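Understanding the architecture of this molecule
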Amino acid sequence: HRQNNKTFLRIFMILVLSCIPGRTNLCSNHSDTRSSLDSLDLEGYITFDDVHNASKDFGNRYQFPPLAILHPKSVSDISTVLRHILHLGSTSNITVAARGHGHSLQGQALAHQGVVINMESLPSPDIKIYKGTQPYVDVSGGELWINILKETLKHGLSPKSWTDYLHLTVGGTLSNAGISGQAFKHGPQINNVYQLEIVTGKGEAVTCSKKLNPELFHSVLGGLGQFGIITRARISLGPAPHMVKWIRVLYSDFSTFSRDQEHLISKKKGFDFVEGSVTINRTDLLNNWRSSFTPNDSTEASQFKSDGKTLYCLEVVKYFNKEEANSMNQETEKLLSELSYIPSTLFSSVVPYIEFLDRVHLGEIKLRAKGLWEVPHPWLNLLVPKSSIFEFATEVFNNILTSNNNGPILIYPVNQSKWNKRTSLITPSEDIFYLVAFLPSALQNDLEHLLRQNQRVLNFCEEAKMNVKQYLPHYETQREWRSHFGNKWETFAKIKHEYDPLAILAPGHRIFQKATQLYPIQLQ
């Protein structure tokens, strides 16, 4: 009984002491933090009440309301808030997430009871374009890629590497990688950056490049927002074409399909865009193409049946200017003659460059009109080594998946030789690997089925020891993150401790826990 009393007194004293200022935050409340944030001298402003939109993301599976939203009007506002939270030290569990267009999938852009920074509030001065032998554009980290495209096209220029969807912010895609069908030729978007302006977890505004603060520069690119918030970026530009020839063909055999894809990405003078997709048991597939594409042979195309089949679609694009149309057509015919697709499935279209790049946005508009955009998106993006892709495709597309009616499945190879290995992006070790992206929308009661399907795919990859890496990764434990980073983990953790010592930034990834007196930062 005496021992129990001692234990009770010890716990009581810990609780009492924890309420003394400067001790842990057990008895602190949000009103104190709110008051301290509200008292900051900012050019922009902080809101505490209307936080609903910052409580969820595009994945639409998690809802974590923040305590506050910062609407910055300057980089100084971001620095001020981060320095203030750093000054609170381990007495506070407040974290910070930078939010662009909110297109994270599993809560990565959220900060539960923390501060979400609305990066789109950061003023974008005139987009500055510099011509010359190495043209570039200086843009805000909160700028949308579609706006950069529109502005650079006025000067006959554009960024060289894209994502399939352009209504994303610069800071968001550069914190991941930015991969699309141009990556085999130009590398991902993070390979096409000359300079960054970062606000670190210490609240310090730092300019970095390959020569200036190179460790921070390479760490932030693909660094999942762990080391700093990208407030400005200098993006490499190249000549912009006026038009594109856009081609689709089908394969029934995966080996032939993948061999042709790998052949195309190996050519120095080939297509400018190479992607692919999988369709499983789709009815009237070619008829659906006719709304945007013209068949090479309409009669043969109308006789082709896709029902009950697993088919592989190769999608390629050739850029050109109007005066180059004849030579472009000759080059395209030669490239197609080297491939082994099903002849009756050749479809093509000629569209303006901007229309092709912004193609996904048209689908967004249609889905929004039907109320089908803001639904759960249990997406899964994998990087699969070339040596494992046939085994992967055989099991996943023939046994695990029975249809892809919920959304597209993309699959295409890239050359690692075009990628900068000094960034934080983790890829398989082989020179050629495939991006495989399962992009479903969960309608009605589909969510649990799709999540189980994703887990079956992941389990298969692990059991087969394929060395598959997640792109836009999501893990629940630091052990899983260590496995993801492999021999890069110690460096990643060291740089985290240097630039964000209290682990304030990007809590939604669940890589590091905010350092408090109860939970010191875990780095080893």
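Residues numbered from 1 in each chain as written. Predicted model: local features only at pLDDT ≥ 70, side-chain atom pairs only at ≥ 80, totals over all residues. Heavy atoms only, no water.

- Looking at an unreviewed UniProt entry, one finds the chain named cytokinin dehydrogenase, with Brassica rapa var. perviridis as its source organism.
- You can read under Sequence similarities (unreviewed entry) in the UniProt record for the chain the words "Belongs to the oxygen-dependent FAD-linked oxidoreductase family."
- Heading Cofactor (unreviewed entry) of the UniProt record for the chain holds this comment: "FAD". (UniProt positions renumbered as here; feature names shortened; annotations may be inferred.)

**Observations regarding the nonpolar core**
- Of all hydrophobic cores here, the largest spans 81 residues; its most connected members are W145, L174, L196 and I235.
- With five residues, the single largest contributor to this core is helix α17 (residues 489-499).
- Here I235 is in contact with P135, Y136, V137, V139, W145, P159, V170, L174, N192 and V193, once residues within four sequence places are set aside. (Core = buried A, V, L, I, M, F, W, Y, C linked by side-chain atoms within 4.5 Å. Buried < 20%, exposed > 50% of the residue type's maximum accessible area, 1.4 Å probe, protein only. Helix = DSSP H or I, 4+ residues; strand = E, 2+ residues; numbered from the N terminus. Contact = heavy atoms within 4.5 Å.)

**Here we look at the domain arrangement of the chain**
- Split into domains, the chain comes out as domain 1 (24-120) and domain 2 (243-470).
- Here the C-alpha centre of domain 2 lies 38 Å away from the C-alpha centre of domain 1.
- In this assembly, seven residues from domain 1 lie in contact with 10 residues from domain 2.
- Both faces combined, the contact of domain 1 with domain 2 buries some 720 Å², and carbon together with sulfur accounts for 60% of it. (Domains from an automatic or database assignment. Buried area = accessible area lost by both parts, 1.4 Å probe.)

**Details of empty space enclosed by the protein**
- Per the stated rule, a full pass over the model turns up one cavity of 30 Å³ or more.
- As a volume, the largest cavity reaches approximately 90 Å³.
- Forming the walls of the largest cavity are 13 residues, and the residues nearest its centre are G222, L224, L425, I426 and P473.
- Of all the secondary-structure elements, those providing two or more residues to the lining of the largest cavity are β19 (469-471) and α16 (478-485). (1 Å grid on protein atoms, 1.4 Å probe; cavity = no way out; pocket = protein on both sides within 12 Å on 5 of 7 lines; lining within 4 Å. Points joined across faces, edges and corners; volume = space filled by probe spheres on them.)

**Quick word on the sheet that holds strand β13 (residues 294-295)**
- Ordered by their spatial adjacency, nine strands build an open sheet running β13-β15-β11-β14-β12-β17-β18-β16-β19, and the pairing between neighbours is antiparallel. Edge positions in the sheet fall to β13 and β19, since each has one partner strand and no second.
- Pairing of strand β12 (residues 273-280) with strand β17 (residues 409-415) involves two bridges; the strand directions are antiparallel. Paired with S277 across the bridge in β17 is L410.
- Against the sheet, helix α14 (residues 389-400) engages β12, β14 (310-320), β16 (380-385), β17 and β18 (432-438), with an angle of about 15 degrees to β18. (Pairing = 2+ DSSP bridges. Axes fitted to C-alpha atoms, helices over the stretch in contact; angles between N-to-C directions.)

**Description of helix α13 (residues 359-369)**
- All of the buried residues along α13 are R359, H361 and E364.
- Each element contacted by the buried residues of α13 is listed here: β11 (243-251), β12 and α12 (353-357).
- One or two positions beyond α13, positive phi appears at G371, with a value near 70 degrees.

**Let's talk about the packing of aromatic side chains**
- Taken as a whole, this structure holds 27 aromatic pairs when the rule is applied.
- Joined through ring pairs, the aromatic side chains of F227, Y475, W481, F485, W489, F492 and F512 make up one cluster.
- In this arrangement the basic side chain of R359 is found over the ring face of F356, its NZ or CZ atom lying 4.4 Å from the centre. (Phe/Tyr/Trp six-rings, centres within 6.5 Å; stacked < 30°, edge-to-face > 60°. Lys NZ or Arg CZ within 6 Å of the ring centre and 35° of its normal.)

**Let's talk about the side chain of N404**
- Positionally, N404 belongs in the loop between α14 and β17.
- Since its relative accessible area comes to 5%, N404 is described here as buried.
- Within polar-contact distance, the side chain of N404 engages the backbone nitrogen of I280 at 3.0 Å.
- Setting aside anything within four residues of it in sequence, one finds N404 in contact with V278, T279, I280, R282 and I409. (Polar contact = N/O pair within 3.5 Å; in protein donor to acceptor, adjacent residues only side chain to side chain.)

**Describing the environment of I235**
- Turning to its location among the elements, I235 is positioned in strand β10 (residues 228-239).
- Linking I235 and K160, residues 75 residues apart in sequence, is a C-alpha distance of 9.2 Å.

**Some details on the layout of surface pockets**
- Approximately 940 Å³ is the volume attributed to the second largest pocket.
- Among the elements of the structure, β16, α15 (447-463), β19 and α16 are those that each provide at least two residues to the lining of the second largest pocket.
- The residue inventory of the lining of the second largest pocket, partitioned by class, reads 14 nonpolar, 11 polar and seven charged.
- Split by domain, the residues of the lining of the second largest pocket number at least three in each of domain 1 (24-120) and domain 2 (243-470). (Nonpolar A, V, L, I, M, F, W, Y, C, P; charged D, E, K, R; others polar.)

**Points about the pairing of strand β4 (residues 115-118)**
- Here β4 shows a buried face lined by V115 and I117 and a second buried face lined by V116 and N118.
- For strand β2 (residues 68-71) and β4, the ladder comprises three bridges, and the chain directions are parallel. Note that in β4 the partner of L70 across the bridge is I117.
- Of the pairings in the sheet, the one linking strand β3 (residues 96-99) to β4 comprises four bridges and is parallel in character. Bridge assignment links V96 to a residue of β4, and that residue is V115.

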